[in-house]
Amino acid sequence: RPRGCVLQSSPSDRFGSLPKAQQYEALLLAALSGQQRDIDIALQLIEEMAATNVGKVPAKVVGALVDAAVATKDARRVDAVLTVAKRS
């Protein structure tokens, strides 16, 4: 097994060559994937994108965010996410 593992690099090293919008997309999809979906981090990243005029939130990220919210079965959470989805 090689000693220089990709996992030892930082996110900025791995994503640094991507345009800002793609960096955000990668971070958002990572936050919304797997067992530990972190909706709060995703919402913070989306707010940061809006504040810095990075661009629109990609449709697949909005879909993943809505799916994650629905999976919580929390009506308030779903409502908050849908509000953000409408703005995106």
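This section reports on the structure supplied with the text. Just so it is clear, the structure is predicted and the values come from calculations on it, not from any experiment. (Residues numbered from 1 in each chain as written. Predicted model: local features only at pLDDT ≥ 70, side-chain atom pairs only at ≥ 80, totals over all residues. Heavy atoms only, no water.)

Within this structure, the stated rule accounts for three salt bridges. Residue Lys-60 is joined to Glu-25 by a salt bridge in which the shortest nitrogen-to-oxygen separation is 3.1 Å. In this pair, Lys-60 is assigned in helix H4 (residues 59–72) and Glu-25 in helix H2 (residues 20–31), connecting sequence segments 35 residues apart. Between Asp-40 and Arg-77 there is a salt bridge whose closest N-O contact spans 3.4 Å. (Salt bridge = Lys/Arg side-chain N within 4 Å of Asp/Glu carboxyl O. Helix = DSSP H or I, 4+ residues; strand = E, 2+ residues; numbered from the N terminus.)

Where H4 meets helix H5 (residues 75–87), the closest approach of the two axes is 8 Å, and the angle between their N-to-C directions is 170°. When the axis of H4 is compared with that of H5, the two are roughly antiparallel. Contacts from Val-62, Leu-65, Val-66, Ala-69, Val-70 and Thr-72 in H4 reach Arg-77, Val-78, Val-81, Leu-82 and Ala-85 in H5. Residue composition of the contact of H4 with H5, grouped by class: nine nonpolar, one polar and one charged. (Axes fitted to C-alpha atoms, helices over the stretch in contact; angles between N-to-C directions. Parallel < 35°, antiparallel > 145°, perpendicular 65-115°, else oblique. Contact = heavy atoms within 4.5 Å. Nonpolar A, V, L, I, M, F, W, Y, C, P; charged D, E, K, R; others polar.)

Here we come to the side chain of Gln-23. Within the secondary structure layout, Gln-23 lies in helix H2. There is a polar contact of 2.8 Å between the side chain of Gln-23 and the backbone oxygen of Leu-18. (Polar contact = N/O pair within 3.5 Å; in protein donor to acceptor, adjacent residues only side chain to side chain.)

The phi angle of most residues is negative, glycine excepted, and most peptide bonds adopt the trans form. Positive phi, normally seen in glycine, also occurs at Asn-53, with a value near 55°. Along the chain, Asn-53 falls in the loop between helix H3 (39–51) and H4. Of the residues examined, Asn-53 reaches a relative accessible area of 70% and is grouped as exposed. (Buried < 20%, exposed > 50% of the residue type's maximum accessible area, 1.4 Å probe, protein only.)

All right, on to the side chain of Glu-25 then. Residue Glu-25 is classed as buried on the basis of its relative accessible area, which comes to 16%. There is a polar contact of 3.1 Å between the side chain of Glu-25 and the side chain of Lys-60.

Counted at 1.5 Å a residue, the expected span for H4 with its 14 residues is 20 Å, and the 20 Å between its end C-alpha atoms agrees. Among the residues of H4, those classed as buried are Val-61, Val-62, Ala-64, Leu-65, Ala-68 and Ala-69. One side of H4 holds all its buried residues, which, seen down the axis, span an arc of 165°. Relative to its buried face, H4 has exposed residues pointing more than 90 degrees away, namely Ala-59, Lys-60 and Ala-71. Summarising the contacts, the buried residues of H4 are in contact with H2, H3 and H5. Taken from the residues just after H4, Lys-73 is the one with a positive phi, measuring 60°. (Expected span 1.5 Å × (residues − 1). Arc of directions from axis to C-beta.)

As far as function goes, none of this settles anything; it's purely spatial.
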